[in-house]
Amino acid sequence: MKQGYSTDEPQEKREGCYSFTFIPLVREASKDSTLVGYIIKVHSSISGSKKWYGIPFGNNDLLNRCFGAIEYPGLPMIHAFFKVYATFETMEEKV
C-alpha cells in the first residue's frame, strides 16, 4: 500500500454468478480522510476466475488510463457489474 493511503471496510455484492468486493481506497490527510476510489475484486463462480479493477475518483486522466487498460471481460460480467455498481452507489448515498 502506498504511504498516505489505506483501505476501508470491504463490501460484497452478488449478481448472478459473480461476486463483487468493493474495497474503498482512502487518502489519509492530517485532519481527515478522503475516498479516492474503489479497488474491486470480481469472482466468477462458473469459471473460478478472479479479476481486479480500480475505479479512481477526481482524476480524469487516471480514470481514462484505468479504463484504457481494462480488457473486455464479456457482456454477462459487464451487465452484472453495472447493475451491482448502480445499486452499490445508490445504497452508499442513503447512508
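Values in this document were obtained by computation on a predicted structure and should not be read as measured data. (Residues numbered from 1 in each chain as written. Predicted model: local features only at pLDDT ≥ 70, side-chain atom pairs only at ≥ 80, totals over all residues. Heavy atoms only, no water.)

Description of the pattern of salt bridges
Worth spelling out the cut-off: By salt bridge we mean one thing: a side-chain nitrogen of Lys or Arg within 4 Å of a carboxyl oxygen of Asp or Glu. The helix count covers DSSP runs of H or I at least four residues long, the strand count covers runs of E at least two residues long, and both are numbered beginning at the N terminus.
Following the criterion strictly, the structure yields three salt bridges and no others. Here Asp61 makes a salt bridge to Arg65, at a shortest N to O gap of 3.5 Å. Pair noted here: Asp61 and Arg65 are both in helix H1 (residues 60-69), with a separation of four residues, about one helical turn.

Brief notes about the pairing of strand E5 (residues 50-56)
The test is simple: Any two strands with at least two DSSP-identified bridges between them are counted as paired.
Here strand E4 (residues 33-44) runs beside E5; their pairing, made up of seven bridges, is antiparallel. By the bridge assignment for E5, Lys41 is matched with Trp52. Hairpin geometry of E4 and E5 is characterised by an intervening segment of five residues between the two adjacent antiparallel strands and by a positive phi of about 80° at Gly48.

A word on the environment of Ile39
Worth spelling out the cut-off: Buried residues are those whose accessible area, probed at 1.4 Å on protein chains only, stays under 20% of the maximum for their type, while exposed residues exceed 50% and partly exposed ones sit between those limits. Pairs of residues are marked as contacts when any of their non-hydrogen atoms sit within 4.5 Å.
On the secondary structure map, Ile39 appears in strand E4. Residue class for Ile39 comes out partly exposed when judged on its relative accessible area of 25%. Distance from Ile39 to Pro10, taken between C-alpha atoms, is 9.2 Å for residues 29 residues apart in sequence. Setting aside chain neighbours within four positions, we find Ile39 in contact with Thr7, Thr21, Phe22, Ile23, Leu25, Trp52 and Tyr53.

Some words on the confidence of the model for the protein
Rule in force here: Summary of the metric used: pLDDT quantifies the predictor's per-residue confidence within the range 0 to 100.
Across the protein, the average pLDDT comes to 88, with 95% of residues at 70 or higher. Predicted confidence in the protein is weakest over helix H2 (residues 75-94), with a mean pLDDT of 80, and strongest over strand E2 (residues 11-15), with 95.

Quick look at the nonpolar core
Formally: Residues enter a nonpolar core if they are buried and are Ala, Val, Leu, Ile, Met, Phe, Trp, Tyr or Cys, with the set joined through side-chain atoms within 4.5 Å.
One finds Tyr18, Phe20, Phe22, Ile40, Val42 and Met77 to be the most contacted residues of the largest nonpolar core, which totals 13 residues. Those residues within four positions of Tyr18 in sequence are excluded, and the remaining contacts are Lys13, Val42, His43, Ser44, Pro76, Met77 and Ala80.

Topic: the packing of aromatic side chains
Short version of the rule: Stacked, tilted and edge-to-face are the three classes assigned to paired rings of Phe, Tyr and Trp, where Trp is represented by its six-membered ring and a pair needs centres within 6.5 Å; plane angles under 30 degrees give stacked, over 60 edge-to-face, the rest tilted.
Here the structure, examined in full by the defined rule, presents seven aromatic pairs. Aromatic ring contacts, followed pair by pair, group Tyr18, Phe20, Phe22, Tyr38, Phe57, Phe81, Phe82 and Tyr85 into a single cluster.

Quick look at the environment of Trp52
With respect to the helices and strands, Trp52 occurs in strand E5. On the accessibility criterion, Trp52 (55% relative accessible area) is exposed. Those residues in contact with Trp52 that lie beyond four places of it in its chain are Ile23, Ile39, Ile40 and Lys41.

Quick notes on the pairing of strand E3 (residues 18-28)
The buried fraction of E3 amounts to nine of the 11 residues, a majority that puts the element mostly inside the structure. As judged from the three bridges shared by strand E1 (residues 5-7) and E3, these two strands associate in the antiparallel manner. Bridge assignment links Thr7 to a residue of E3, and that residue is Leu25. Across five bridges, E2 lies against E3 in antiparallel orientation. Bridge assignment links Gln11 to a residue of E3, and that residue is Phe22. As consecutive antiparallel partners, E2 and E3 are separated by two residues, and within that stretch Gly16 has a phi angle of approximately 60°, a positive value. Here E3 runs beside E4; their pairing, made up of 11 bridges, is antiparallel.

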